[in-house]
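Below are the chains, spelled out letter by letter.
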Amino acid sequence: MAGLYFEEFEPGMVIDHPTRRTVTEADNTFFSVMTLNLAPLHLDAEYSKNSIYGQRLVNSLFILGLVSGITVPETTQGTTLGNLGFEQIKFPKPVFHGDTIHVQTKIENKRESKSRNDSGIVTFRHLGINQRDEVVCDALRVGLMMKRPVEQA
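Cut-offs applied
Residues numbered from 1 in each chain as written. Predicted model: local features only at pLDDT ≥ 70, side-chain atom pairs only at ≥ 80, totals over all residues. Heavy atoms only, no water. Core = buried A, V, L, I, M, F, W, Y, C linked by side-chain atoms within 4.5 Å. Buried < 20%, exposed > 50% of the residue type's maximum accessible area, 1.4 Å probe, protein only. Helix = DSSP H or I, 4+ residues; strand = E, 2+ residues; numbered from the N terminus. Contact = heavy atoms within 4.5 Å. Phe/Tyr/Trp six-rings, centres within 6.5 Å; stacked < 30°, edge-to-face > 60°. Lys NZ or Arg CZ within 6 Å of the ring centre and 35° of its normal. Polar contact = N/O pair within 3.5 Å; in protein donor to acceptor, adjacent residues only side chain to side chain. UniProt positions renumbered as here; feature names shortened; annotations may be inferred. Arc of directions from axis to C-beta. Expected span 1.5 Å × (residues − 1).

Some details on the nonpolar core
Formed by 14 residues in total, the largest nonpolar core has its most connected members in V23, I63, V95 and I101. Among the secondary structure elements, those contributing two or more residues to this core are α4 (60-75), β4 (100-112) and β6 (135-146). The element contributing the most residues to this core is α4, with 6 residues. Once residues within four sequence positions are removed from consideration, V95 is found in contact with V23, R56, L57, V58, I63, I101 and V136. L4, I15, I107 and V122 belong to the second-largest nonpolar core, a separate cluster that totals 8 residues.

Laid out in structure tokens, this is it:
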């Protein structure tokens, strides 16, 4: 199991995730169409030429999903009981077709669960960063994490 247990997370801990992903036109088109986000800024090259960006933008919810997904192997794979929510999501820079995204996670906080004795709550800050070292996604996420089983303690 690659994920970390509640006890292994410490506030201030930083994880540089090794997985990188170049975002393609197909990623953006398929995601936008599947989620019925038909905004021309994502799908229409001619329309987007006249935008402030001069080209199509990658759907921000695809980027949020990608950033969250990249973090799973080193943080929560097999050790999470659930994603409790996102408290804050920012997209400070746009993402374009061909951008390569890597992710850094910082552990902001952790606390014991008030209602469960087998788990704790961890607050993660996930930063999606492009090949120009610009932050393109800044997401504060809260997860319910398993404690190490007693037989493994």
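There's more to say after this.
Things to note about the packing of aromatic side chains
Scanning all chains against the criterion turns up 3 aromatic pairs. For the pair F31 and F62, a centre-to-centre distance of 5.6 Å together with 65° between the ring planes defines the contact as edge-to-face. Placement of the pair is F31 in helix α1 (residues 25-34) and F62 in helix α4, with a sequence separation of 31 residues. The ring of F6 has K110 lying over it, and the distance from NZ or CZ to the ring centre is 4.6 Å. The positively charged end of R141 is found above the aromatic ring belonging to F124, 4.5 Å away from the centroid.

With respect to the side chain of D27
With respect to the secondary-structure elements, D27 resides in helix α1. Polar side-chain contacts of D27 include one of 2.6 Å to the side chain of R21. Here D27 is in contact with R21, T22 and F62, once residues within four sequence places are set aside.

Let's talk about the UniProt feature "domain: MaoC-like" (unreviewed entry) in the protein
The positions that UniProt labels "domain: MaoC-like" (unreviewed entry) are, in the present scheme, residues 10-120. Annotated as 32% helix and 28% strand, the span residues 10-120 places its first and last C-alpha atoms 12 Å apart.

Some points on α1
Those residues of α1 that fall on the buried side of the exposure criterion are D27, N28 and S32. Each buried residue of α1 lies within a common arc of 115° when the element is viewed along its axis, so the set occupies one face. For α1, exposure combined with an orientation more than 90 degrees from the buried face picks out F30 and M34. Against the buried residues of α1 lie β2 (21-22), α2 (40-43) and α4. L36, located one to two residues past α1, shows a positive phi value of around 60°.

Focus on the side chain of N28
Inspection of the secondary structure assignment puts N28 in helix α1. Classification of N28 by relative accessible area gives buried; the value is 0%. Reaching out from N28, the side chain makes a polar contact with the backbone oxygen of L57 at a distance of 3.2 Å. Those residues within four positions of N28 in sequence are excluded, and the remaining contacts are H42, L57, V58, N59 and H97.

Considering α4
Between its terminal C-alpha atoms α4 stretches 22 Å, which fits the 22 Å expected from 16 residues at 1.5 Å a residue. Buried within α4 are the following residues: F62, I63, L64, L66, V67, S68, I70, T71 and T75. Capping the start of α4, N59 holds a side-chain oxygen 2.9 Å from the backbone nitrogen of L61, two or three residues further along.

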